[in-house]
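# Descriptive structure summary
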Amino acid sequence: MNKLTNNYISGLIQANGSIGINLHKTKNSLRLIPYFNITQNIKNKDLILKIKHYFNDIGFIIINKSDNTIRYQVNQLNDLHHIIIPFLLRNDLRSNKHIKVIILKYIINIMIDKLHINNNSILLSLIILANKITNNHNRYLNKEQQYIVNNQIYNKDILNIIEDMELSIKNYKPSNLDLDYINGLFDGKGSLSVSLNSNKDITLTYYIIQDKNEMLLLNNIKSYFNNIGHIYNINNTSFRWETKSIVEFNKNILNKMITEDNYPLIKGYKIKHMINVLKYISDNKDYKKNNDKIRYIISELYNIIENKKGIRLDEYIKKLMK
DNA sequence: ATTGGTTGTTTCCCCTGCTT
DNA sequence: AAGCAGGGGAAACAACCAAT
């Protein structure tokens, strides 16, 4: 139970990982630096270190003190080529973001073969590809080069490689979802929120957020959980699949986790406490008439909330008892 | 009265990408 | 390889309805 698995990692990368290419201007040349990274709050340092270890300890760790995050990053060509890209191809992100992985794979293949060294035309082709993954890299280019990049005029010696890439993008079919992957996604871009309303009913929301390019993934998640819940637009750029139904949450989500004994590594504690609460309520259907029972429930909910403002338990009880 | 479907709001946590 | 900044996209609620 609760092991770091391939699919959990790919779910977490889908949520909190980043794949891209930086462009670096040196004295008389341009260098492309591909990277892979995954960021987390520093409190999940152990998990990030485990992931680094999982990838044979390639890459490095960067701690950002200004925002309390830890980042695991790989940008050595060989490491990306031999470890990261193959991993991401075997355990695909099951999403539109996987297209980035495919493009990066082809960029790295060309770079590994050093085709772009002393060949400005192929370098420009790589920049065309890089622009498909990260924001445009045109700032160091002259007018003529910008024209080539903007019009996507590839070097003709690599046209077969580009064709190959386009075919493999076209043929990409996301792998089936599994609970490991969804737990990773949930840990990164989802959560379980709880509260009590004024009638002392438990309210819960289990949700996962993705940006608008990943609607298919959200729909697949919905069908994975037997089509419970709904997908909402939260702003112009992202969507949220969520369920508030305690019955459906119990039947289709909790049951699955309990049966497989598989909980999210980071936020699994929320699920466990929720299981306690729901069991307690079903054993104590009269709880609303008993303040001690309500207090007990609130103290369990207190374990689930994120509590960023550092509210004390007694304050939280007071707030919800009103 | 109770559940749960839908929309809204606020606060920061990330990614992202530049620089050294 | 490491530091760092920023801005905006989400995490985490919160509120409001609609339907039994």
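What counts and how
- Residues numbered from 1 in each chain as written.
- Chains lettered and ligands numbered in written order.
- Predicted model: local features only at pLDDT ≥ 70, side-chain atom pairs only at ≥ 80, totals over all residues.
- Helix = DSSP H or I, 4+ residues; strand = E, 2+ residues; numbered from the N terminus.
- Expected span 1.5 Å × (residues − 1).
- Bend = angle between axes of the 7 residues up to and from the residue.
- Domains from an automatic or database assignment.
- Contact = placed C-beta atoms within 7 Å.
- Nonpolar A, V, L, I, M, F, W, Y, C, P; charged D, E, K, R; others polar.
- Near = placed C-beta within 6 Å.
- Axes fitted to C-alpha atoms, helices over the stretch in contact; angles between N-to-C directions.
- Parallel < 35°, antiparallel > 145°, perpendicular 65-115°, else oblique.
- Left-handed = near helix turned anticlockwise from the far one by under 90°.

- As annotated in an unreviewed UniProt entry, chain A carries the name Putative LAGLIDADG endonuclease and is attributed to Ogataea philodendri.

### With respect to helix 10 (residues 246-260)
- The first and last C-alpha atoms of helix 10 sit 20 Å apart over 15 residues, in line with the 21 Å expected at 1.5 Å per residue.
- A bend of about 35° at Leu254 is the largest found in helix 10.
- In the stretch just after helix 10, Asp261 is the one whose phi turns positive, near 50°.

### Describing the domain arrangement of chain A
- Segmentation of chain A into domains returns domain 1 (6-170) and domain 2 (186-321).
- The centre of domain 1, based on its C-alpha atoms, is set 35 Å off from the matching centre of domain 2.
- If you look at the interface, domain 1 gives nine residues, while domain 2 gives eight residues.
- The element contributing the most residues to the side of domain 1 that touches domain 2 is helix 1 (residues 6-16), with four residues.
- Split by residue class, the side of domain 1 that touches domain 2 holds four nonpolar, four polar and one charged.

### A few points about the protein's contact with DNA strand C
- If you check the shell around DNA strand C, you find 21 residues, and the closest are Phe60, Lys189, Ser191, Asp211 and Ser238.
- The set of elements that each furnish at least two residues to the surface near DNA strand C consists of strand 3 (60-64), strand 5 (190-196) and strand 6 (202-211).
- Across the surface near DNA strand C, the residue classes tally to five nonpolar, 11 polar and five charged.

### Some thoughts on the packing of helix 12 (residues 291-304) against helix 13 (residues 313-321)
- Put simply, helix 12 and helix 13 touch, their axes get as near as 10 Å, and they point 120° apart. Taken together, the axes of helix 12 and helix 13 lie oblique to each other. Crossing of helix 12 against helix 13: the hand is right-handed. Of the residues in helix 13, those in contact with Ile294, Arg295, Ile298, Ser299 and Tyr302 of helix 12 are Leu313, Tyr316, Ile317, Leu320 and Met321.
- Per-class residue counts for the contact of helix 12 with helix 13 are eight nonpolar, one polar and one charged.

### Some words on the protein's contact with DNA strand B
- Near DNA strand B lie 28 residues; those nearest to it are Asn16, Ser18, Asn41, Thr134 and Asn135.
- Looking at the surface near DNA strand B, the elements that each hand over two or more residues are helix 1, strand 1 (17-25), strand 2 (30-41), strand 7 (230-233) and helix 10.
- Examining the composition of the surface near DNA strand B, we find that five residues originate from one element, strand 1, more than from any other.
- Its residues assigned to classes, the surface near DNA strand B shows six nonpolar, 18 polar and four charged.

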